[in-house]
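Chain and residue survey
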Amino acid sequence: MSTPRNPAAEPTLGHSLKHLATHLITPLLMCLGMALAYQGAFHQPEPHHLKVAVVGTTPQAQGLAQAIQGKAGDALDVRTVDDRAAAEQQLRDRDLVGAFVPDAKSPELIVAKGNSDTSVVAATAVFTNVTDRQGVPLHVTDLTTPAEGDPTGQGLFFLLVALSIGSYASVAAIGAAGAALSLKVRALAGVAVSLVVSVIGIVTAGPVFHVVDHDHAAIWALGWLYSAGIVLIGIGLHSFLKKWTTLALMVLFVMLNFTSSGGIYRPELQNGFFGGLHGFWTGAGFLEGARSVMYFDGGAGLGGHVVTLLVWLLLGGAALVAAAVYEGRGRRPVETPQEAEEDMEEAVAV
């Protein structure tokens, strides 16, 4: 015998639509945020104070530098350097994008593509215009050697993406499956999972795809610092934000993070907002630190990038302290199993 239906127990159409609309808020906000962030950061790359140099102390070199600066305006910062050795040193210090060596028959542009391939393309275009007027080809010399599996130098950016997704998705898992655990246990689980994420990252980027072909330990350490910062911040925020944690982490570590990291365009090809974030955002700390290790022998500002990652790790510690105080007052929000499952699904889907 079939059980008679109870119309009163079934949700009304209005209630069902309201429930649906509530669940659509998060993906629609993600869509809006991604559209604004990615198109805002990448839609019109133009040079802004791109640092280039003309090599030489002659009046002709000085005049060429002044002519290029006058024509380019704020797009370029053109200087002169005394000789080739000085130019190469400034390129290795990442103080220049390109250095032009004038020559009537064989002009040369010295670059360091490990700094940023897209910035080098912009600098090459500038000096190709100069040599085209001379009627001679431009010879480009790269001081850096790309990894075997990363000829464009952008593979480190995709390592950043993998580390980021593994980290913030783990926060959703810890929040969903570890709801009954104390904050201390959740934090320890977060440190452990960030270690696993960093190991997965270096193994795939190293032996599997050869994006990282030396200094594996240093890149792994940077990756662990980066991942741990994200995970600890996420665990701390989860106590306050509950189901909105995934959206918050998307804003912090995808929308603002990938776009300001320098992986596609460095600040000299971006607008002021994303270029400004590059100076202190965690993704830029990891990516530029990894570039310094991979292509510039651990110089070129590596210490500053490590400090950036440590500051974000400390922010994670501060978020945990705030969460401990909050939960100690009995205010920890407890998700229903359905809410926890939805939170996890959103993180994995993204």
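Residues numbered from 1 in each chain as written. Predicted model: local features only at pLDDT ≥ 70, side-chain atom pairs only at ≥ 80, totals over all residues. Heavy atoms only, no water.

Okay, the overall build of the protein chain next. Broken down by element type, the protein chain carries 13 helices and five strands. Seen through its principal axes, the protein chain has C-alpha atoms that stretch 95 × 45 × 40 Å. Of all 350 residues assigned to the protein chain, the portion counted as buried reaches 45%. The long-range fraction of contacts in the protein chain, counting pairs at least 24 apart against all pairs at least 6 apart in sequence, stands at 75%. Accessible surface computed for the protein chain: about 16700 Å², of which carbon and sulfur atoms make up 65%. Measuring between centres, the 20 positive side-chain charges of the protein chain sit 7 Å from its 29 negative side-chain charges. (Helix = DSSP H or I, 4+ residues; strand = E, 2+ residues; numbered from the N terminus. Buried < 20%, exposed > 50% of the residue type's maximum accessible area, 1.4 Å probe, protein only. Contact = heavy atoms within 4.5 Å. Areas by Shrake-Rupley, 256 points an atom, 1.4 Å probe, with all protein chains shown as cover. Lys, Arg positive; Asp, Glu negative; His and termini not counted. Charge placed at Lys NZ, Arg CZ, Asp CG, Glu CD.)

Positive phi is not limited to glycine here, since His49 has a value of about 55°. Although it is not a glycine, His210 adopts a positive phi angle of roughly 60°. Take His210: it is sitting in the loop between α6 (183-208) and α7 (216-241). You can call His210 partly exposed: its relative accessible area is 32%.

Here we take up the packing of aromatic side chains. This structure, assessed with the given rule, holds twelve aromatic pairs. An angle of 65° between the planes, with centres 5.5 Å apart, marks the rings of Phe157 and Phe158 as edge-to-face. Arranged with centres 5.0 Å apart and planes meeting at 65°, the rings of Trp281 and Trp312 form a pair that is edge-to-face. Within this pair, whereas Trp281 is found in the loop between α10 (272-277) and α11 (282-295), its partner Trp312 is found in helix α12 (residues 302-328), the two being separated by 31 residues in sequence. With relative accessibility at 10%, the residue Trp281 sits in the buried group. The structure contains a cluster of three or more aromatic residues connected by ring pairs, namely Phe253, Phe280, Trp281 and Trp312. (Phe/Tyr/Trp six-rings, centres within 6.5 Å; stacked < 30°, edge-to-face > 60°.)

Turning to the pairing of strand β1 (residues 50-55), a few remarks are in order. Within β1, five of the six residues are buried, leaving the element largely enclosed by the surrounding structure. You can see the chain leave β1, run along helix α2 (residues 59-72) and come back into strand β2 (residues 76-81), and the turn it takes is right-handed. Relative to strand β3 (residues 98-101), β1 runs parallel, the two sharing three bridges. Considered in β3, the bridge of Ala53 is made with Ala99. (Right-handed = clockwise from strand over helix to strand, strands pointing away. Pairing = 2+ DSSP bridges.)

Once that is clear, we can look at the confidence of the model for the protein chain. Per-residue confidence for the protein chain gives a mean pLDDT of 88, with 91% of residues at or over 70. Mean pLDDT values for the elements of the protein chain range from 50 in helix α13 (residues 337-349) up to 96 in α11. For residues 344-349, every residue scores under 50 in pLDDT, and the model assigns this stretch eleven contacts once sequence neighbours within four places are set aside. (pLDDT = per-residue confidence, 0-100.)

Opposite charge on two side chains permits pairing when their charged atoms draw close. Following the criterion strictly, the structure yields eight salt bridges and no others. Here Arg94 and Glu288 are joined by a salt bridge, their closest N and O atoms 2.5 Å apart. Of this pair, Arg94 sits in the loop between α3 (84-92) and β3 while Glu288 sits in helix α11, and the two are 194 residues apart along the sequence. Relative accessible area serves as the criterion here: at 13%, Arg94 is assigned to the buried category. Close ionic contact of Glu288 with Arg291 constitutes a salt bridge, the shortest N to O distance being 3.4 Å. Of this pair, Glu288 and Arg291 both sit in helix α11, three residues apart, which is roughly one turn of the helix. With respect to burial, Glu288 and Arg291 carry one shared label: buried. (Salt bridge = Lys/Arg side-chain N within 4 Å of Asp/Glu carboxyl O.)

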